[in-house]
Amino acid sequence: MFKNASLSFKLTSGFCLIAMIALTISVYAVNRIGVLGGYFDTAYDEAVAPLEELANFGIEVSAVKSLLNYHLVELDESRMENIESQLMEKFKIAGELLDQTGNKTETTPLKTQWKRVEDLSKKVIDESKRFQKEDASQRLNTDDGLQRFLMLDKMMASLLNERVTQVADYQTRSLKLRNNVKRNLILFSIVAILAALCISYFIYFISRRIRIPIIETAKMAKAIADGDFSKRTEIQQSDEIGLMADAFRNMSETISAVLKEMERLIKAVQNGNLNIRGNTEAFKGGWQELIIGTNNVIDAFVAPIKMIGSYIEQISEGDIPEKITDAYRGDFNQTRNNLNMLID
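Residues numbered from 1 in each chain as written. Predicted model: local features only at pLDDT ≥ 70, side-chain atom pairs only at ≥ 80, totals over all residues. Heavy atoms only, no water.

### Points about the overall build of the chain
Short version of the rule: Helix and strand assignments come from DSSP, with helices taken as H or I runs of at least 4 residues and strands as E runs of at least 2, each series counted from the N terminus. Throughout this description, buried means an accessible area under 20% of the type-specific maximum (1.4 Å probe, protein chains only), exposed means over 50%, and partly exposed covers the range between. What makes two residues a contact is simply this: any of their non-hydrogen atoms within 4.5 Å. For the accessible areas, the method is Shrake-Rupley and the probe is 1.4 Å, while residue cover comes only from the protein chains on display.
Across its full length, the chain carries eight helices and zero strands. Here the chain holds 344 residues, and 31% of them are scored as buried. Sequence separation of at least 24 residues holds for 66% of the intrachain contacts in the chain that already meet a minimum separation of 6. When the accessible surface of the chain is split by element, carbon and sulfur atoms take 58% of a total near 21600 Å².

Below is the structure:
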């Protein structure tokens, strides 16, 4: 089926095959890169970003501890107000960071503990503002105060360890994913190279099926131009080249038939058989007109020859015929005049 398909179909099929392979490789590469990029985004959102926020939360908690101690030792009211303002800002920032550290299930205990620390810190600030420094210091540095901050630190450390472990897990899985993508891309590259080789052979095969018949047809055309009508081509295809080969075959056969018919007429005339005529029904178009023209040439010779033969036969028998009155041209007219003089 493909052998007899048109040249346009063959070439289109080759280009479509190339385009499909290139498109498949491109789509796969884009898809894998998209998956890898999405995985990295997920890893950042679920592990790296919360880890950064949790670390920043720890920094804010440390700042709260320091500011509380500064507040306890400060005696100037304006400075205490300034420290209190900084503490309120730290409480706000720490709460916002805590909201961004992960899902609610993981951070609820930490938020609860932070609320306890925040309540304790506000009581310490209130007592410190009323210059109950000793009570405030005792509240902050006794077992209850220390326990609240210590518990908060332990919870932060636990979450940090979880986040670090999660990041390490993402790194391991991302490495596997990168290796998998790399391996698949290498595999697809190999497939692409093999496909390119197959396509190259396919193109070579098509070009060969185009080139060889054209060369054969050109040889046949040259043979016809040189007068050799015995040259034949074995091309048997249903595409455009096959149609061209069929046309050359038909032309060669027609010319051969015309030459054989002319040769038959020539031999008949040479053998004195002037009644033979060419078969005009066996040909069409210009070839038919050529045979008709040849028949007319024979007719133009036969009529004067028969007339001359008839007159000579009569004279040889002593019967003087009438002068020839039919009109002839050229040498035939000269022959007519000579016979008329003989009759006189």
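There's plenty left to go through after this.
### Remarks on the pattern of salt bridges
This is how the line gets drawn: Note on definitions: salt bridges are taken to be side-chain nitrogens of Lys or Arg within 4 Å of carboxyl oxygens of Asp or Glu.
Evaluated as defined, the whole model comprises five salt bridges. Across the pair E60 and K90 runs a salt bridge, and its minimum N-O distance is 3.3 Å. Taken together, the residues span a long stretch of sequence, with E60 in helix α1 (residues 7-73) and K90 in helix α2 (residues 77-99) at a distance of 30 residues. In this structure K90 comes out as partly exposed when scored by relative accessible area, which is 23%.

### What about helix α8 (residues 330-343)?
Note the following rule: A helix is expected to span 1.5 Å for every residue after the first.
With 14 residues, α8 should cover 20 Å at 1.5 Å per step; its first-to-last C-alpha distance of 20 Å lies within 8% of that length. Tucked inside the fold, the buried residues of α8 contact α7 (285-316).

### Concerning the environment of E216
With respect to the helices and strands, E216 occurs in helix α5 (residues 143-225). Judged by relative accessible area, which is 28%, E216 ranks as partly exposed. Residues E216 and A245 lie 29 residues apart in sequence; the distance between their C-alpha atoms is 8.6 Å. If we skip the residues at most four places from it in the chain, E216 touches T233 and I235.

### Comments concerning a nonpolar patch on the surface
For the record, the criterion: A patch consists of residues exposed above 30% relative accessible area that lack any salt bridge, with like charges linked at up to 9 Å and nonpolar side chains (Val, Leu, Ile, Met, Phe, Trp, Tyr) linked at up to 5 Å.
Judged by side-chain polarity, I186, I190, I193, L194 and L197 come together as a nonpolar surface patch covering roughly 490 Å² of accessible area. One can find I186 in helix α5.

### Describing the environment of E281
Considering the arrangement of structural elements, one finds E281 in the loop between α6 (240-270) and α7. Remark: the alpha-carbon pair of E281 and I292, spanning eleven residues in sequence, is separated by 9.9 Å.

### As for α7
With 32 residues, α7 should reach 46 Å at 1.5 Å per residue; the first-to-last C-alpha distance of 47 Å fits that figure. Taken together, the buried positions of α7 are occupied by I291, T294, N295, I298, V302, P304, M307, I308 and Y311. Looking one or two residues past α7, G318 carries a phi angle of roughly 85 degrees, positive in sign.

### Some thoughts on the nonpolar core
The condition is simple: By nonpolar core we mean a set of buried residues, namely Ala, Val, Leu, Ile, Met, Phe, Trp, Tyr and Cys, connected to one another through side-chain atoms within 4.5 Å.
Residues F57, L68, L87, W114 and L152 are the most contacted members of the largest nonpolar core, which totals 24 residues. Examining the composition of this core, we find that seven residues originate from one element, α1, more than from any other. With residues up to four places along the chain from it excluded, the contact list for L152 reads F57, V61, L110, Q113, W114 and V117. Judged by nonpolar contacts, the second largest core, of seven residues, contains I308, Y311, Y328 and L339.

### Comments concerning the packing of α7 against α8
Worth spelling out the cut-off: With axes taken as lines fitted to C-alpha atoms, and helix axes fitted only over the stretch in contact, angles between N-to-C directions fall between 0 and 180 degrees. For classification, angles of less than 35 degrees are called roughly parallel, those exceeding 145 degrees roughly antiparallel, those between 65 and 115 degrees roughly perpendicular, and all remaining angles oblique. Should the near helix be turned anticlockwise from the far one by less than a right angle, the crossing is termed left-handed; should it be turned clockwise, right-handed.
The interhelical angle for the contact between α7 and α8, taken along N-to-C directions, is 10 degrees, at an axis separation of 11 Å. Taken together, the axes of α7 and α8 lie roughly parallel to each other. Taken as a pair, α7 and α8 cross one another with a handedness that is left-handed. Seen from α7, the contacting residues are A300, F301, P304, M307, I308, Y311, I312 and I315; seen from α8, they are F332, T335, L339, L342 and I343.

### Concerning the confidence of the model for the chain
This is how the line gets drawn: Every residue carries a pLDDT, the predictor's confidence in it, which falls somewhere between 0 and 100.
Averaged over every residue, the pLDDT of the chain is 75; residues scoring 70 or more account for 80%. For the chain, the element scoring lowest by mean pLDDT is α1, at 67; α2 scores highest, at 84.

### Observations concerning the packing of α6 against α7
Stated precisely, the cut-off is as follows: Under the scheme applied, nonpolar residues are Ala, Val, Leu, Ile, Met, Phe, Trp, Tyr, Cys and Pro; charged residues are Asp, Glu, Lys and Arg; polar residues are all the others, including Gly.
The contact between α6 and α7 brings their axes to 11 Å, and the two run at 5 degrees. Taken together, the axes of α6 and α7 are roughly parallel relative to one another. Residue-level inspection shows T254, I255, V258, E261, M262, L265 and V269 of α6 in contact with α7, the latter providing W287, L290, I291, T294, N295 and I298. When the residues that make up the contact of α6 with α7 are grouped by side-chain class, the tally is nine nonpolar, three polar and one charged.

### Some thoughts on the side chain of E84
Examined against the element boundaries, E84 turns out to sit in helix α2. For E84, a relative accessible area of 19% translates into the label buried. Those residues in contact with E84, other than ones at most four positions away along the chain, are H71, I125 and K129.

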